[in-house]
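# Remarks on the overall topology
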Amino acid sequence: MEKNNRFDSGLSTVKKMVSQEALENMSGMKNISPDFWEMIVSFGFGDVYAREGLSFDKREIITLTSLITQGAFDQLEFHIRAALNVGLTENEIKEIIIQCAAYVGFPKAVQAMLIAGNVFEK
């Protein structure tokens, strides 16, 4: 896929997954590094998330699990919001976190649950 088509596809995908506010927050990256912003949108959302084979909700289950496993909590709020936007329920997200506790430990699961709780309150 051509460079501009990948970016356009990625931007279209992001718009399907997150609110306009989340997109605006995310796009602040282009002020820091336009090249990195293009990479995030083109690769992450144009090449990966836009692929056929898995629905957005399944992709978000994988992403939430991966972020929790890594302890990448700075990205977790964005993806919890995206998960809710693509159809996961609060209860499903809580169950994902509980499932992760058995494999990644309670400290990471506790932090993830606190972040999820903050998102659910908003």
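Throughout what follows, the structure given in this document is the object of discussion. (Residues numbered from 1 in each chain as written. Predicted model: local features only at pLDDT ≥ 70, side-chain atom pairs only at ≥ 80, totals over all residues. Heavy atoms only, no water.)

### Observations concerning the environment of Val48
- Tracing the sequence through the fold places Val48 in helix H4 (residues 34–49).
- You can call Val48 partly exposed: its relative accessible area is 31%.
- Placed 35 residues apart in sequence, Val48 and Thr13 show a C-alpha to C-alpha distance of 10.0 Å.
- Those residues in contact with Val48 that lie beyond four places of it in its chain are Phe43 and Arg59. (Helix = DSSP H or I, 4+ residues; strand = E, 2+ residues; numbered from the N terminus. Buried < 20%, exposed > 50% of the residue type's maximum accessible area, 1.4 Å probe, protein only. Contact = heavy atoms within 4.5 Å.)

### Points about helix H8 (residues 106–121)
- Counted at 1.5 Å a residue, the expected span for H8 with its 16 residues is 22 Å, and the 22 Å between its end C-alpha atoms agrees.
- When we look at burial in H8, the residues that qualify are Ala109, Ala112, Ile115, Ala116, Val119 and Phe120. End-on view of H8: buried residues confined to an arc of 140°, all on one side of the axis. Across from the buried face of H8, at angles greater than 90 degrees, the exposed residues are Phe106, Pro107, Leu114 and Glu121.
- In this structure, the buried residues of H8 make contact with helix H5 (56–70), helix H6 (76–85) and helix H7 (90–104). (Expected span 1.5 Å × (residues − 1). Arc of directions from axis to C-beta.)

### A few points about the nonpolar core
- Among the nonpolar cores identified, the biggest contains 33 residues, and Val18, Leu76, Ile80 and Ile93 are the most heavily contacted of them.
- Sorting the residues of this core by element identifies helix H1 (3–17), helix H2 (20–26), H4, H5, H6, H7 and H8 as the ones contributing at least two each.
- Residue contributions to this core peak at 6 residues, all from H8.
- Ignoring anything within four residues of it in the chain, the contact list for Val18 reads Leu23, Phe78, Ala82 and Asn85. (Core = buried A, V, L, I, M, F, W, Y, C linked by side-chain atoms within 4.5 Å.)

### Brief notes about the side chain of Thr13
- Counting through the fold element by element, Thr13 comes out in helix H1.
- Given a relative accessible area of 4%, Thr13 falls into the buried group.
- For Thr13, the contacting residues outside a window of four places in its chain are Phe45, Tyr49, Ala50 and Phe56.

### Brief notes about a nonpolar patch on the surface
- On the surface, Phe106, Val110 and Leu114 cluster together into a nonpolar patch covering about 330 Å² of accessible area.
- Relative to the helices and strands, Phe106 resides in helix H8. (Patch = residues over 30% accessible without salt bridge, like charges linked within 9 Å, V, L, I, M, F, W, Y side chains within 5 Å. Areas by Shrake-Rupley, 256 points an atom, 1.4 Å probe, with all protein chains shown as cover. Salt bridge = Lys/Arg side-chain N within 4 Å of Asp/Glu carboxyl O.)

### Focus: the pattern of salt bridges
- Under the counting rule described, the total for this entry stands at 3 salt bridges.
- Residue Arg6 is joined to Asp47 by a salt bridge in which the shortest nitrogen-to-oxygen separation is 2.6 Å. With Arg6 in helix H1 and Asp47 in helix H4, this pair connects stretches of sequence that are 41 residues apart.
- Among the residues examined, Asp47 registers a relative accessible area of 25% and is labelled partly exposed.
- Arg81 serves as the salt-bridge partner of Glu77, at 3.0 Å between the closest nitrogen and oxygen.

### Quick notes on H5
- The end-to-end C-alpha distance of H5 is 21 Å, a good match for the 21 Å that 15 residues give at a rise of 1.5 Å each.
- Buried within H5 are the following residues: Arg59, Glu60, Thr63, Leu64, Leu67 and Ile68. In an axial view of H5, the angular spread of the buried residues amounts to 165°, which keeps them on one side of the axis.

Shape descriptors only; they carry no functional weight alone.
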